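# Understanding the architecture of this molecule
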Amino acid sequence: MNNSNFKIEKKKIDDLAVLSISGYLDAHTSPLLEQELEKSVKDGCYKIIVNFSDLDYISSAGLGVFMAFIEDVRQNGGDIKLTNMKEKVFAVFDLLGFPLLFDILNEEDEAITKFQGN
Amino acid sequence: MLLSVENNNSICINADSSELERIRKFVLNFAEKFGFDDITSNKIALAVDEVCTNLIKHSYKYDSSREICLQISTDDNQFSILILDDGASFNPSSDISLDMRDYLANFRRGGLGLHIINLVMDKIQYIPRSEDFPKNKLILTKYLK
C-alpha cells in the first residue's frame, strides 16, 4: 500500500506481522497505516512489528494510530513493537513520553526474538 | 481554488492535508539555515504541522478551498513563524496541561497537537481576528541557544 510520500511493506514471519514504513506519517498519510493495523487485528494477528528504518517524519496523527490499537492488541496477548527509528523520529516519541508505553527497539531482529521468546 | 503562493519567506496553501509536507519542508529549510540542528528543526516543523492540521480539521472542517498563510521572520537569535487563518478564533496557547502518564495509562488518543506546540516552542502569541484585521494571527517563536 502506498501514497506518494508514505509506503507500507508487509511481511509475515510465522505468526508475526512486520510492517516496514517509509516516508512521512502525518494527518494525510496516517489513515493508510490505520487500515493496515486494522486488517492485521481483524485477521487475529496481534504480534506486530513496525520497522521505522525509512520513516523520516511522524506527527501526532501518526502517534494516534499506535494509541488506537495498543490496548486491544495487548489484551489479546500481543504487542506492537517499534524498531529502527531515526533519531529525529524517536525524538518525537520521547518528547511525549511514549517510550513509557511502547517497546521501542533498535533492531527488527530484537523484536522478533522478544516475540518468539514469549 | 487558491493557487499556492510561495515567496522568499512566506507561503500560502489551501487547507488540505496533502499540503502539510510542503509546509514542513518550507519551515525546515528556514530553520536549518538559521542554525537549528536537525532534531530541533524537525520539532519546529512538527509544531507548525500540528497548528495547520488543527486548522484544517477543526477551524475549516476539511474545506480545502480555505487558506492558511505562513510567514517566517528572524531577528538575532529569534526564529518566528506567523500563521494566518480566517476560521473561528481559538487560542492555542491556552493552558492545556496534559498529564502524559495519565494519557498513556488510559490509552487515550488525539489532543496532542496543542501539547506538542507548547512543548516545542518558547513563545506563543495569539491575536484573534478583528474588524481591523480579518485573520487570526498565531506567532510561534523559538530561540536559538
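Up top is the structure.
I will try to describe carefully the structure that is included in this document. Treat the numbers as computed from the prediction; the structure is a model and nothing was measured.

## Side note on the overall build of chain B
- When helices and strands are counted, chain B shows four helices and six strands.
- Start at the N end of chain B and walk to the C end: the helices and strands fall as β-β-α-α-β-β-α-α-β-β.
- At 15 Å, chain B has a C-alpha radius of gyration in line with the 15 Å of a compact globule built from 145 residues.
- With the C-alpha coordinates of chain B rotated into their principal frame, the extents come out at 45 × 35 × 30 Å.
- Sorting the 145 residues of chain B into buried and exposed places 32% on the buried side.

## Examining the overall build of chain A
- Looking only at helices and strands, chain A has four helices and six strands in total.
- If you list the helices and strands of chain A from N to C, you get β-β-β-α-β-α-β-α-β-α.
- Relative to the 2.2 N^0.38 estimate, which gives 13 Å for 118 residues, the radius of gyration of chain A is 13 Å and therefore close to what a compact globule would have.
- For the C-alpha atoms alone, the extent of chain A along its principal axes is close to 30 × 25 × 25 Å.
- Put simply, chain A has 118 residues, and 41% of those count as buried.

## Observations regarding the environment of B:D16
All names here are of chain B.
- Here D16 shows up in the loop between β2 (10–14) and α1 (20–34).
- Along the backbone, D16 and S64 are 48 residues apart, and their C-alpha atoms lie at a distance of 5.0 Å.
- Not counting residues within four places of it along the chain, the set of residues in contact with D16 comprises I56 and S64.

## Re the interface of chain A and chain B
- Taken together, the contacts link 24 residues of chain A with 24 residues of chain B.
- Among the elements of the structure, α2 (60–75) and α3 (87–95) of chain A are those that each provide at least two residues to the side of chain A that touches chain B.
- With eight residues, the top contributor of residues to the side of chain A that touches chain B is α2(A).
- When the residues that make up the side of chain A that touches chain B are grouped by side-chain class, the tally is 14 nonpolar, six polar and four charged.

## Brief notes about the packing of α3(A) against helix α2 (residues 38–59) of chain B
- In the contact formed by α3(A) and α2(B), the axes pass within 9 Å of each other and the chain directions differ by 55 degrees. Comparing their axes, α2(B) and α3(A) come out oblique. In this structure, the crossing between α3(A) and α2(B) has a hand that is right-handed. Within the contact between the two elements, α3(A) uses A:E87, A:K88, A:A91 and A:V92 and α2(B) uses B:D38, B:I39, B:N42, B:K43 and B:L46.
- For the contact of α3(A) with α2(B), the class distribution of residues is four nonpolar, one polar and four charged.

## Concerning the nonpolar core
Residue and element names in this part refer to chain B.
- Judged by nonpolar contacts, the single largest core of 63 residues is most densely connected at I23, V27, A47 and V48.
- Considering each element in turn, this core owes the most residues, nine residues, to α2.
- Those residues in contact with A47, other than ones at most four positions away along the chain, are I116, I117, V120, M121 and L140.

Thresholds, definitions, all that
- Residues numbered from 1 in each chain as written.
- Chains lettered and ligands numbered in written order.
- Predicted model: local features only at pLDDT ≥ 70, side-chain atom pairs only at ≥ 80, totals over all residues.
- Helix = DSSP H or I, 4+ residues; strand = E, 2+ residues; numbered from the N terminus.
- Rg over C-alpha atoms; globule rule 2.2 N^0.38 Å.
- Buried ≥ 20, exposed ≤ 12 C-beta atoms within 10 Å, placed from the backbone.
- Contact = placed C-beta atoms within 7 Å.
- Nonpolar A, V, L, I, M, F, W, Y, C, P; charged D, E, K, R; others polar.
- Axes fitted to C-alpha atoms, helices over the stretch in contact; angles between N-to-C directions.
- Parallel < 35°, antiparallel > 145°, perpendicular 65-115°, else oblique.
- Left-handed = near helix turned anticlockwise from the far one by under 90°.
- Core = buried A, V, L, I, M, F, W, Y, C linked by C-beta atoms within 7 Å.

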